[in-house]
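# Report on the structure
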Amino acid sequence: MSNAAKKAWSIPRGIMHLPVATFDKDLKLDFDTNARLIEFEIKHGATSICILMHLAEQLNLSMQERKDLTEQSVKAVAGRVPVLVHVSLSGTDQVIELTQHAEKAGADAVVAIAPYYWKPTQDQIYEHFAAIMSSTGLPFVGYHSPAFMDGIGIAPATLLRLVERFPTQCIGLKEASHNFEQFIELRRAGQSINPDFGVITGIEYIIPAMTLGGVGSMSIFGGVAPRLVQKLYDLTVQGNLTEALKLQDKASALWQLGKGGYPAPIKTMMEIMGRPVGETRLPLIPTSPEKKALLEKELDKLGILQSEPHGW
């Protein structure tokens, strides 16, 4: 499909929810619980659903499982919000296979990071992303997370080349460096060609992201404390930064609790909140009883147990 034939599409704003992988007691994908989780997240304000980011446990799924989960998730969402499908892998041909499957399954956009392990140059990153976009009519969201890529990410100049070539298709970037110089320079590069180019923060550091021109957050804690992350976004957009900062501190405290052994602590917090989604697959290990007790105590101290929904 030519670039001219590709439909222009704007990246969703607000809180974009990232469901975790849901497993049964045998650690097989549990599609019923996945549908229940998607329903919960849409009910609590998700502006889109993104299936399935690396540390939401995509790294532990086979190609076929990823395809099955995409199909089941698109069916569960049923057109109510956009579905973005994460298609990252080390080989470009594999990414294209997942991208074309996502398009056939009815997804609204795809998300991809630079190829793992190869330590690609910026020219290789450009060619990788260009090949993905050339293979599909779907909008594309890049993913910049140098901490998990031996320091390699998308340079602003590379992003500029991509948006110049694919101005209506390269619509946004998940920016997870937590480096706000990079955040600003990547946003400036994208918006110099497409004023609607959207940069999304990868963790719920919403105040700095939004005040520096971001459009929202890809939220893993929407499954734990959806009211907190939604109110944090709303207060920030309204300009009430004094009140928003109190919630930003809570969101940061949640991240400090959840990032060690991630996503196992996230799944444990969801279980504490009455939304069990199964354990993690190796090499990740389940949360210990002692850690679970600590997490419950900390959620209580943060007021999460009292202020957030319990159950589905």
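Residues numbered from 1 in each chain as written. Predicted model: local features only at pLDDT ≥ 70, side-chain atom pairs only at ≥ 80, totals over all residues. Heavy atoms only, no water.

What follows deals with the overall build of the chain. Regarding its fold elements, the chain presents 12 helices and 8 strands. Dimensions of the chain, computed from C-alpha atoms along their principal axes, come out at roughly 50 × 45 × 35 Å. Within the span of the chain, comprising 312 residues, buried residues form 58% of the whole. Considering only contacts within the chain whose residues lie at least 6 apart along the sequence, 75% involve residues at least 24 apart. (Helix = DSSP H or I, 4+ residues; strand = E, 2+ residues; numbered from the N terminus. Buried < 20%, exposed > 50% of the residue type's maximum accessible area, 1.4 Å probe, protein only. Contact = heavy atoms within 4.5 Å.)

Further remarks concern the sheet that holds strand S3 (residues 83-86). Within the closed barrel, the 8 strands sit side by side as S1-S2-S3-S4-S5-S6-S7-S8. Their pairing is parallel. Within the sheet, the average angular offset between the axes of one strand and its neighbour, ignoring direction, is 30°. Packed on one face of the sheet, helix H4 (residues 122-134) meets strand S4 (109-113), strand S5 (140-144) and strand S6 (170-175) and runs near 165° to S4. (Pairing = 2+ DSSP bridges. Axes fitted to C-alpha atoms, helices over the stretch in contact; angles between N-to-C directions.)

As a further point, take unusual backbone geometry. With an omega of -10°, the peptide bond between Ile-51 and Leu-52 qualifies as cis. By the secondary structure assignment, Leu-52 is in the loop between strand S2 (48-51) and helix H2 (63-77). With an omega of 15°, the peptide bond between Leu-282 and Pro-283 qualifies as cis. Structurally, Pro-283 is set in the loop between helix H10 (264-272) and helix H11 (289-301). Here Tyr-117, not a glycine, exhibits a phi torsion of approximately 70°, which is positive. By the secondary structure assignment, Tyr-117 is in the loop between S4 and H4. For Lys-119, which is not a glycine, the phi torsion comes out positive at approximately 50°. By relative accessible area, Lys-119 is classed as exposed at 55%.

On to the nonpolar core. Phe-129, Leu-159, Cys-170 and Phe-221 are the most contacted members of the largest nonpolar core, which has 101 residues in total. Setting aside its immediate chain neighbours within four residues, Phe-221 contacts Glu-204, Pro-226, Val-229, Leu-254, Trp-255, Ile-266 and Met-269. (Core = buried A, V, L, I, M, F, W, Y, C linked by side-chain atoms within 4.5 Å.)

Okay, the side chain of Arg-187 next. Here Arg-187 shows up in helix H6 (residues 180-193). Look at Arg-187: it is buried, it has no salt bridge, and the nearest opposite charge is Glu-185 at 7.5 Å. When neighbours within four sequence positions are excluded, Arg-187 is seen to be in contact with Val-199, Leu-212 and Gly-213. (Lys, Arg positive; Asp, Glu negative; His and termini not counted. Salt bridge = Lys/Arg side-chain N within 4 Å of Asp/Glu carboxyl O.)

Glancing now at the state of the cysteines. A complete count under the given rule lists 0 disulfides for this structure. Unpaired in this structure, Cys-50 has its nearest cysteine sulfur neighbour in Cys-170, at a distance of 15 Å. The exposure class assigned to Cys-170 is buried, which follows from its relative accessible area of 1%. (Disulfide = S-S within 2.5 Å.)

Inspection of the entire model under this criterion finds 2 cavities of 30 Å³ or more. The computed volume of the largest cavity comes to approximately 90 Å³. Together, 14 residues line the largest cavity, and Ile-51, Arg-66, Thr-70, Val-85 and His-86 are the ones closest to its centre. At the level of elements, H2, S3 and helix H3 (92-105) are the ones that each hand at least two residues to the lining of the largest cavity. (1 Å grid on protein atoms, 1.4 Å probe; cavity = no way out; pocket = protein on both sides within 12 Å on 5 of 7 lines; lining within 4 Å. Points joined across faces, edges and corners; volume = space filled by probe spheres on them.)

What follows is about the packing of aromatic side chains. Aromatic ring pairs are defined here through the distance separating the ring centres and the angle between the ring planes. In total, this model carries 4 aromatic pairs according to the counting rule given. When the ring of Phe-180 is compared with that of Phe-183, the centres are 5.6 Å apart and the planes differ by 50°; the resulting orientation is tilted. Taken together, the residues span about one helical turn, with Phe-180 and Phe-183 both in helix H6 at a distance of 3 residues. For the pair Trp-255 and Tyr-262, a centre-to-centre distance of 5.5 Å together with 75° between the ring planes defines the contact as edge-to-face. For Trp-255, a relative accessible area of 13% gives the class buried. The ring centre of Trp-312 lies 5.9 Å from the NZ or CZ of Arg-36, which sits over that ring. The cationic tip of Arg-161 hangs over the ring face of Tyr-126; the distance from NZ or CZ to the ring centre is 3.7 Å. (Phe/Tyr/Trp six-rings, centres within 6.5 Å; stacked < 30°, edge-to-face > 60°. Lys NZ or Arg CZ within 6 Å of the ring centre and 35° of its normal.)

Here we come to the packing of helix H8 (residues 226-238) against helix H9 (residues 241-258). For the pair H8 and H9, the least separation of the axes is 9 Å and the interaxial angle reads 145°. Where H8 crosses over H9, the handedness of that crossing is left-handed. Between H8, through Leu-228, Lys-231, Leu-232, Leu-235 and Thr-236, and H9, the contact on the second element is made entirely by Leu-241, Glu-243, Ala-244, Leu-247, Gln-248, Lys-250, Ala-251 and Leu-254. Residue composition of the contact of H8 with H9, by class: 8 nonpolar, 2 polar and 3 charged. (Left-handed = near helix turned anticlockwise from the far one by under 90°. Nonpolar A, V, L, I, M, F, W, Y, C, P; charged D, E, K, R; others polar.)

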